[in-house]
Amino acid sequence: MNMDAFLSWLRKTGVRLHDGITIVASPGAGVSVVSNRDEPIFHPETVASIPKTAILSARNCAAAQYIHWVPYGHGATLALSLALYSEILKGGESSWHSYLQTLPPDPVPIARLWGDATFTEDLDGQSAARWIHGTEIEKELQDEDGSPLMDETRTFYKFEVQPLLDATGAQPTLQGFLHAYSLVCSRAFLVDAYHGLSMVPVADAFNHTHNNHVQLASEFDVCPLCGSLTECPHDRDDSTPPHANPDTHTDTPAPHGAGPTDTDTVDMVTVRSIAPRAEVFNTYGADLGNAALLARYGFALDGTEADAVTFGWSGSGIVLEHDQDQEIFRSVYAQARENAVAGIVKGVSLVYVPPADDYGGQRLLAVNSDGQASLGLFVWAAWHALSERPPLELQGASDSHVLAALPQYLPRLAETLVQIEAFRDEEDDAQELDISDDFACHLLEGAAEALASLCRTRITGMGQKGYRGACAEALGEVLDNLPPENKKTKLALEYLLSERALLEACAVGWEELRRTIADGSDVDSGSDSDTEACD
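Conventions we followed
Position labels on residues start from 1 in each chain and follow its written sequence. In keeping with the predicted nature of the model, local features appear solely for residues at pLDDT of at least 70, side-chain atom pairs appear and are counted solely at 80 or more, and the whole-chain, interface and lining totals rest on all residues. Side-chain metrics in this entry use all non-hydrogen atoms of the structure; hydrogen atoms and water are not considered. Two strands are said to pair when DSSP picks up at least two bridges between them. Elements are defined by DSSP. Helices are runs of H or I of four residues or more, strands are runs of E of two residues or more, and each kind is numbered from the N terminus. Throughout this description, the term salt bridge denotes a Lys or Arg side-chain nitrogen within 4 Å of a carboxyl oxygen of Asp or Glu. Residue exposure (1.4 Å probe, protein chains only): buried if accessible area is under 20% of the type maximum, exposed if over 50%, otherwise partly exposed. Lines are fitted to the C-alpha atoms to define the axes, a helix being fitted only along its stretch in contact, and any angle between axes, read from their N-to-C directions, falls within 0 to 180 degrees. In what follows, roughly perpendicular refers to angles from 65 to 115 degrees, roughly parallel to angles under 35, roughly antiparallel to angles over 145, and oblique to any angle outside these ranges. Contacts were defined at the residue level, with two residues in contact if any of their heavy atoms lie within 4.5 Å. Only Asp, Glu, Lys and Arg are considered charged in this grouping, and only Ala, Val, Leu, Ile, Met, Phe, Trp, Tyr, Cys and Pro are considered nonpolar; every other residue, Gly among them, is considered polar. Per-residue confidence from the predictor is given as pLDDT, running between 0 and 100. Definition used in this section: a nonpolar core is a set of buried Ala, Val, Leu, Ile, Met, Phe, Trp, Tyr and Cys residues joined via side-chain atoms within 4.5 Å.

**Some words on the sheet that holds strand 12 (residues 265–270)**
Thought 1: A sheet is described by the order of its strands in space; here four strands give the open sequence 1-4-12-9, paired in antiparallel fashion. The open sheet has two edge strands, strand 1 (16–17) and strand 9 (214–218), and neither has a second partner.
Thought 2: Two elements, strand 1 and strand 4 (residues 46–51), share two bridges in a ladder whose sense is antiparallel. Counted as the bridge partner of Leu17 is Ala48 from strand 4.

Written as structure tokens, this is what we have:
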């Protein structure tokens with residue numbers, strides 16, 4: 001890596017760096033950013049300012065006119081991967097050559113590539129792929145319909161990348177494209193309405209932590225046709241965009257530098273002060289758990305509170321198959337959040353209420369890093385129990401009808417849960433459980449059984465064949481005996497063990513609650529585990 005050439009390129013492209021930070025070569029990780037001062041850099045401060053004319057996107061690469069631009073999603077990742085790969089293949093002729101030399105020369109070990117048939121010699125990746133079966137990482141490898149992202153990636157290469165680059169005489173390969181794809185997955189940023197997903201020099205040099213020093217700031221609302229931050233011809237309703245074909249009414253991107261200017265920048269700004277001589281960190285997403293970090297970035301953090309085990313996707317153990325059930329469930333869940341139910345369960349240890357910004361979102365049905373079931377998962381378990389143990393008026397009713405009737409029972413279940421937890425917290429062992437609402441207690445017992453069974457079933461379906469359902473000690477022994485070069489397998493096994501621990505904690509909590517209800521008194525901790533025991 002020629003760091004001097006890169007720094008010279010930054011100066012020529014107008015990138016401005018705070019004199020208190022230094023970009024340094026980082027063995028095995030490209031580059032990183034550190035403070036070079038003996039005193040703090042106090043917040044607020046802008047530590048880097050990158051003109052949008054210096055970023056690399058599907059809008060401004062040399063092959064831009066041939067690339068179908070996609071604003072977001074996996075399609076945007078593929079389009080930018082093509083843009084990046086086309087520039088990598090140009091070598092020294094690329095306008096971004098000095099920047100590209102700072103990127104990792106080998107594919108980033110993202111979990112999306114583990115076990116891919118293209119990398120036949122990567123035995124470590126193949127082993128890692130077997131261990132993540134049934135985990136949250138597997139969900140990260142699927143699109144919203146449950147289709148593998150790598151199937152879409154291979155199709156894109158076959159019908160878009162290879163024909164285009166073959167025509168230029170560039171001699172592309174699938175392995176080379178997947179290298180670019182891994183770089184985009186692990187380093188790209190959503191910049192604005194024109195460029196969309198982009199490679200941003202310097203911004204991608206900051207490594208990730210949840211306790212970050214800086215974050216990316218960019219003016220998103222620019223002209224989507226030319227990238228202009230100020231008024232442009234496209235702002236007039238009666239204007240014909242200068243890059244539009246009047247016959248087809250399709251727009252092609254403006255030439256490189258025609259829209260964005262050096263005054264429109266992407267900035268790295270502080271969110272807290274930076275300690276002397278410390279590495280300066282960004283965050284790739286405060287809510288990203290280790291499953292997402294491994295799938296998209298190829299690394300994991302120790303003990304992140306963002307970890308969760310989710311349900312509701314293919315292979316998770318819960319799938320609401322009918323649109324009607326999905327609609328009714330979301331309505332019932334909304335009522336539970338808005339009425340007294342959410343307030344009642346906020347004080348219990350077995351259930352948590354997700355923040356408002358995740359209302360009905362990806363973690364509607366989830367177990368969090370403390371082993372607590374989400375409010376949505378509690379609602380699902382109550383629905384399951386009401387279907388299995390219906391009162392007289394609901395006997396013979398369809399699942400949808402039972403679900404629609406659930407709101408009248410949920411407050412009673414929540415209040416009963418609070419009473420039982422309070423009883424379990426009492427230090428008087430001679431005290432007897434006395435709940436006046438027998439039917440709510442009956443339903444809560446069924447809900448506890450459903451939640452424990454759900455977690456246990458998920459555990460027994462996770463990991464490599466031959467070890468699914470094995471005890472944690474057996475998996476720990478496999479981990480301890482791994483060769484040091486099997487870094488991907490190590491990451492996969494460590495993640496598997498951590499996810500199992502969350503599910504185990506959740507299952508044990510609900511099993512203890514169920515026994516308390518069944519016995520009428522508190523009992524010693526333990527679990528009715530279907531998991532295979534170690535000898």
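Moving on from the coordinates now.
**Considerations on the pattern of salt bridges**
Thought 1: By the definition in use, this model includes 18 salt bridges.
Thought 2: Of the charged contacts, one joins Arg187 and Asp204 as a salt bridge, the two residues approaching to 3.7 Å between their closest N and O atoms. One end of the pair, Arg187, is in helix 7 (residues 174–187); the other, Asp204, is in the loop between strand 7 (197–199) and strand 8 (207–208), and 17 residues separate them in sequence.
Thought 3: Judged by its relative accessible area of 8%, Asp204 falls in the buried class.

**Here we look at the packing of helix 13 (residues 410–425) against helix 16 (residues 487–519)**
A pair of packed helices is characterised by two quantities: the angle between their axes and the separation of those axes.
Thought 1: At their nearest, the axes of helix 13 and helix 16 sit 11 Å apart, and the two run at 90 degrees to each other. As summarised for this structure, helix 13 and helix 16 are arranged roughly perpendicular, according to the angle between their axes. The segment helix 13 lies against helix 16, with Leu417, Ile420, Phe423 and Arg424 engaging Trp510, Glu512, Leu513, Thr516 and Ile517.
Thought 2: Considering only residue class, the contact of helix 13 with helix 16 consists of six nonpolar, one polar and two charged.

**Description of the confidence of the model for the chain**
Thought 1: Predicted confidence across the chain gives a mean pLDDT of 89, with 89% of residues reaching 70 or more.
Thought 2: Contacts from residues 521–533, a stretch scored under 50 in pLDDT, to residues over four places away or in other chains number 33 contacts.

**Details of the nonpolar core**
Thought 1: One finds Leu377, Trp380 and Trp510 to be the most contacted residues of the largest nonpolar core, which totals 77 residues.
Thought 2: Counting residues per element, this core draws most heavily on helix 14 (residues 438–460), which supplies 12 residues.
Thought 3: Once residues lying within four places of it in the same chain are set aside, the contact partners of Trp380 are Ile318, Phe329, Leu365, Ala450, Leu451 and Leu454.
Thought 4: Val33, Leu56, Cys61 and Val280 belong to the second-largest nonpolar core, a separate cluster that totals 66 residues.

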